[in-house]
Amino acid sequence: MTRNALLGALTLVLLIGTSVFVGATDLLSGDLDAGFLMAVSRLPRTAAAILTGAGLAMAGVVVQLCVQNRMVEPGLVGTPESAMLGLLAITLIAPGAALMTKMSVAAVTALVGTLGFLALARQVPRQDPVLLPLVGLIYGGILGSVVLGIAWVTDLVQFIGVWQSGEFSGVLQGRYELLWIVALVAAALYLAADRLTLLGLGEDAARSLGLDYRQTLIGGLVLVAVTVAVIVVTVGSIPFVGLVVPNIVSRLRGDNLHDNLPVVAWTGAVLVLACDILGRVLRWPYEIPAGTIFAVFGAGLFLWLLHSRPGRSHG
């Protein structure tokens, strides 16, 4: 194991240990069954934060490769809003549907919404890389307005708040296990990393190298849609993770997705878990949602990315 890998593993272990013992209830007080509380609440919450951060970071990489633009992520192309639209529809049509059914519907609508953005993106001039994310913000805002309008008419606004919150206080054993799908997605992305890298070269270049461009594009977006859907269903939407993490890793390590994907997943997991811990201690015993903490942190990084210039070009 290299020095960097060992340091990364120790950092994650330290954060996991901190997450398990930080909370409104002191596990060492002896007032409650510490083992029961850890198994039912603390460990599931920690695992949920790790899987959420890793999943959103990897989804961001795929979206950036699909549109050949580093300034976008699922949250800037309408994917979470599309997933919420599916969740709203299934809640109205079949309120008693199983969680897997809701996730499946959300994944389908997330995929459709993302494909809609890709169709729109083909009409956007690529000379200015900032223009595409601005279009994505408008597109996502329109979808979000549709979701909010339907929720307002049907008296389901409280559901929208839950899906947008991006927090882990409600994660318990039996209510987060769908997030382990993210681990399967990570394995699939790692196996397809070389083909996904070719997407970043553009359609003509990728086809000239023998890539089935359309099949790879759809396959990558399906994995993104599933990841975003399962995260929105379980813990809500967390902005900027898929934007800032891939950019940070790319600037430090270049663009070899096969080598970078584990680092991207680790960085996303560490940052989201750290934000969740920070949200628990800033106003203890109350909590600030991890999504709120990361939104502030991510917005600052996003502004820095817009105004800074990388030391070298990564294509």
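Residues numbered from 1 in each chain as written. Predicted model: local features only at pLDDT ≥ 70, side-chain atom pairs only at ≥ 80, totals over all residues. Heavy atoms only, no water.

### Re the overall build of the protein chain
Right, so step 1: Of the regular secondary structure elements, the protein chain holds 13 helices and 0 strands.
Right, so step 2: Counting helices and strands in the order they occur from the N terminus, the protein chain gives α-α-α-α-α-α-α-α-α-α-α-α-α.
Right, so step 3: Against the globule reference of 20 Å for 315 residues, the protein chain gives a C-alpha radius of gyration of 19 Å, in line with a compact fold.
Right, so step 4: In terms of its C-alpha atoms, the protein chain occupies a principal-axis envelope of roughly 65 × 55 × 35 Å.
Right, so step 5: By the burial criterion, 48% of the 315 residues in the protein chain qualify as buried.
Right, so step 6: Carbon and sulfur atoms make up 67% of the accessible area of the protein chain, which amounts to about 15000 Å² in all.
Right, so step 7: Distance between charge centres in the protein chain, computed from 17 positive and 17 negative side chains, equals 6 Å. (Helix = DSSP H or I, 4+ residues; strand = E, 2+ residues; numbered from the N terminus. Rg over C-alpha atoms; globule rule 2.2 N^0.38 Å. Buried < 20%, exposed > 50% of the residue type's maximum accessible area, 1.4 Å probe, protein only. Areas by Shrake-Rupley, 256 points an atom, 1.4 Å probe, with all protein chains shown as cover. Lys, Arg positive; Asp, Glu negative; His and termini not counted. Charge placed at Lys NZ, Arg CZ, Asp CG, Glu CD.)

### As for a nonpolar patch on the surface
Right, so step 1: The grouping of L92, I93, I138, I142, V146 and I150 at the surface amounts to a nonpolar patch, some 560 Å² of accessible area in total.
Right, so step 2: Among the secondary structure elements, those contributing two or more residues to the nonpolar patch are α3 (79–93) and α5 (131–153).
Right, so step 3: With 4 residues, α5 is the single largest residue contributor to the nonpolar patch.
Right, so step 4: In this structure, I138 sits in helix α5.
Right, so step 5: Overall, I138 belongs to the exposed group, its relative accessible area being 57%. (Patch = residues over 30% accessible without salt bridge, like charges linked within 9 Å, V, L, I, M, F, W, Y side chains within 5 Å. Salt bridge = Lys/Arg side-chain N within 4 Å of Asp/Glu carboxyl O.)

### Considering the pattern of salt bridges
For side chains of opposite charge, pairing can occur when their charged atoms come near one another.
Right, so step 1: In the structure shown here, the tally under the stated rule is 5 salt bridges.
Right, so step 2: Note that R45 and E287 form a salt bridge whose closest N and O atoms lie 2.7 Å from each other. A residue pair is termed long-range when its members are at least 10 positions apart, and R45 in helix α2 (residues 34–67) and E287 in the loop between α12 (257–281) and α13 (290–307) qualify at 242 residues.
Right, so step 3: With a relative accessible area of 7%, R45 lands in the buried category.
Right, so step 4: Its relative accessible area of 35% is what places E287 among the partly exposed residues.
Right, so step 5: For D276, the salt bridge is made with R280, and the minimal N-O distance between the two is 2.8 Å. Placement of both D276 and R280 in helix α12 is noted, with a separation of 4 residues, approximately one turn of the helix.
Right, so step 6: Judged by its relative accessible area of 2%, D276 is buried.
Right, so step 7: Taken together, the shared-partner salt bridges connect R45, D276, R280 and E287 into one network.

### Looking at the confidence of the model for the protein chain
Right, so step 1: When pLDDT is averaged across the protein chain, the result is 85; 94% of the residues are at 70 or more.
Right, so step 2: Predicted confidence in the protein chain is weakest over helix α6 (residues 157–165), with a mean pLDDT of 81, and strongest over helix α7 (residues 181–191), with 92. (pLDDT = per-residue confidence, 0-100.)

### What about helix α1 (residues 3–21)?
Right, so step 1: Between its terminal C-alpha atoms α1 stretches 27 Å, which fits the 27 Å expected from 19 residues at 1.5 Å a residue.
Right, so step 2: Along α1, the positions that sit buried rather than exposed are G8, L15, S19 and V20. Down the axis, α1 shows its buried residues gathered within 135 degrees of arc, on one side only. Of the exposed residues in α1, the ones pointing more than 90 degrees away from its buried face are R3, L7, L10, V13 and L14. (Expected span 1.5 Å × (residues − 1). Arc of directions from axis to C-beta.)

### Here we look at unusual backbone geometry
Right, so step 1: The phi angle at Q68 is positive, at roughly 55 degrees, despite the residue not being glycine.
Right, so step 2: Although it is not a glycine, F240 sits at a positive phi angle of roughly 75 degrees.
Right, so step 3: Among the secondary structure elements, F240 is positioned in the loop between α10 (213–234) and α11 (241–253).
Right, so step 4: Residue class for F240 comes out buried when judged on its relative accessible area of 17%.

### A look at the nonpolar core
Right, so step 1: The biggest cluster of nonpolar side chains holds 94 residues, and the ones touching the most others in it are F168, L196, L199, V241, V245 and F294.
Right, so step 2: Sorting elements by how many residues they give to this core places α2 first, with 16 residues.
Right, so step 3: Look past the residues within four positions of L199 in its chain and what remains in contact with it is L65, C66, Q68, L211, Y213, T216 and L217. (Core = buried A, V, L, I, M, F, W, Y, C linked by side-chain atoms within 4.5 Å. Contact = heavy atoms within 4.5 Å.)

### Describing the packing of α3 against helix α4 (residues 99–121)
When two helices pack together, their arrangement is given by the angle between the helix axes and the distance between those axes.
Right, so step 1: Put simply, α3 and α4 touch, their axes get as near as 7 Å, and they point 135 degrees apart. Between α3 and α4, the interaxial angle falls into the category oblique. Classified by chirality, the crossing of α4 by α3 is right-handed. On α4, the residues that touch T79, S82, A83, G86, L87 and I90 of α3 are T101, K102, V105, A106, T109, A110, G113 and T114.
Right, so step 2: In the contact of α3 with α4, the residues fall into 6 nonpolar, 7 polar and 1 charged. (Axes fitted to C-alpha atoms, helices over the stretch in contact; angles between N-to-C directions. Parallel < 35°, antiparallel > 145°, perpendicular 65-115°, else oblique. Left-handed = near helix turned anticlockwise from the far one by under 90°. Nonpolar A, V, L, I, M, F, W, Y, C, P; charged D, E, K, R; others polar.)

### Some points on the environment of D204
Right, so step 1: Secondary-structure assignment places D204 in helix α9 (residues 203–208).
Right, so step 2: Put simply, D204 and G75 are 129 residues apart on the chain and 27 Å apart in space, counted from C-alpha to C-alpha.

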